[in-house]
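Structural characterization, general
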Amino acid sequence: MRVLLIEDDSLIGDGLKTGLEKLGFSVDWFENGIDGKEALFQMPYDAVVLDLGLPGIDGMSILKDWRGQGRNEPVLILTARGDVDHRIAGLNEGADDYLPKPFSLLEVQARLNALIRRNNGKPAPELKANGVSFNPQTREVFFNGEKVILSPKEITVLELLLMNKNRVLSRETIENKIYTWGEEVQSNAVEVHIHHLRKKLGKEMIKTISKIGYMLEEK
Ligand code: CA
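No experiment lies behind these values; they were computed from the predicted model shown.

Another aspect to go through is the side chain of Asp-46. Relative to the elements of secondary structure, Asp-46 occurs in the loop between helix H2 (33-39) and strand S3 (47-51). In terms of polar contacts, Asp-46 uses its side chain to reach the backbone amide nitrogen of Arg-2, at 2.7 Å. Of the polar contacts made by the side chain of Asp-46, one reaches the side chain of Lys-177; its length is 2.9 Å. For Asp-46, the contacting residues outside a window of four places in its chain are Met-1, Arg-2, Pro-74, Ile-116 and Lys-177.

Put into structure tokens, the structure is as follows:
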């Protein structure tokens, strides 16, 4: 899942980026409102974490502008503790949830997963197909009841395929979701992840759709 993070406090921003990436998210982090606002139009994001007090443009104006332009990505706003006015204003401007600072990483993870699930119309926390089950909160994968050890990127690819089961995903779509800006990407990176997933979950799990991409077809 690819997340856009706009936060000018370098300690919080760095902590969130590092922490969320350890939990399997791909995070693009911007420290000012102007670049962060633009970024939403450049990449397909599954969710946004937005601080309100930012240099350039404040978070509330960014949110208002996005919603005004019809962008409906789920947005989690970060507010100062006890800042009830901002919290209410944020929700009124179209934020989907808020977290008062200080917060724990696991709280951010839980809120993001809930927002992404809601946005995808999937109320069940577990994603399942063909004997594979994945829990987005614990990042654990089971295949026919047995726990399977996958790398964080493999888990991200699998999650994406499960969320879009019976739909073909292009290689480019997968690549855009699993890598962040500035990350070195090998041209065959997606193929390599798919290859490893097939080794661990059986050849039949992921179908190659010639010249288009990949699909996890529910049988
Ligand atoms: Ca701030």
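Having seen the structure, we can now continue with the description.
Quick look at the packing of helix H6 (residues 152-163) against helix H8 (residues 189-201) now. Direction vectors running N to C along H6 and H8 enclose 80 degrees, while the axes themselves pass 10 Å from each other. What the angle tells us is that H6 and H8 run roughly perpendicular. Where H6 approaches H8, its residues Lys-153, Glu-154, Val-157, Leu-158 and Leu-161 are matched on the opposing element by His-193, Ile-194, His-196, Leu-197, Lys-200 and Leu-201. Within the contact of H6 with H8, the residues separate by chemical class into 6 nonpolar, 2 polar and 3 charged.

This paragraph deals with the sheet that holds strand S9 (residues 146-148). Strands belonging to one sheet form pairs held by backbone hydrogen bonds; the direction of such a pair is parallel or antiparallel. Here 4 strands make up an open sheet; going across it, the order is S6-S7-S8-S9 and the pairing antiparallel. If you trace the sheet from one side to the other, it starts and ends with strand S6 (127-129) and S9, each paired once. Ignoring which end each strand starts from, the neighbouring axes of this sheet average 25 degrees apart. In this sheet, S9 lies alongside strand S8 (residues 140-143) in antiparallel orientation, the contact comprising 3 bridges. Residue pairing for S9: Val-141 is matched across the bridge by Val-148.

Attention now goes to the coordination of the calcium ion. Donor atoms from the polypeptide that bind the calcium ion are Asp-8 (OD), Asp-51 (OD) and Gly-53 (O), placed at 2.2 to 2.3 Å. Sequence spacing of the donor residues for the calcium ion, all on one chain, is D-x42-D-x1-G. Judged by relative accessible area, Gly-53 falls into the partly exposed class, the value being 47%.

Scoring rules and cut-offs
Residues numbered from 1 in each chain as written. Predicted model: local features only at pLDDT ≥ 70, side-chain atom pairs only at ≥ 80, totals over all residues. Heavy atoms only, no water. Helix = DSSP H or I, 4+ residues; strand = E, 2+ residues; numbered from the N terminus. Polar contact = N/O pair within 3.5 Å; in protein donor to acceptor, adjacent residues only side chain to side chain. Contact = heavy atoms within 4.5 Å. Axes fitted to C-alpha atoms, helices over the stretch in contact; angles between N-to-C directions. Parallel < 35°, antiparallel > 145°, perpendicular 65-115°, else oblique. Nonpolar A, V, L, I, M, F, W, Y, C, P; charged D, E, K, R; others polar. Pairing = 2+ DSSP bridges. Donors = N, O, S within 2.8 Å, 3.2 Å for Na, K, Ca; no water. Buried < 20%, exposed > 50% of the residue type's maximum accessible area, 1.4 Å probe, protein only.

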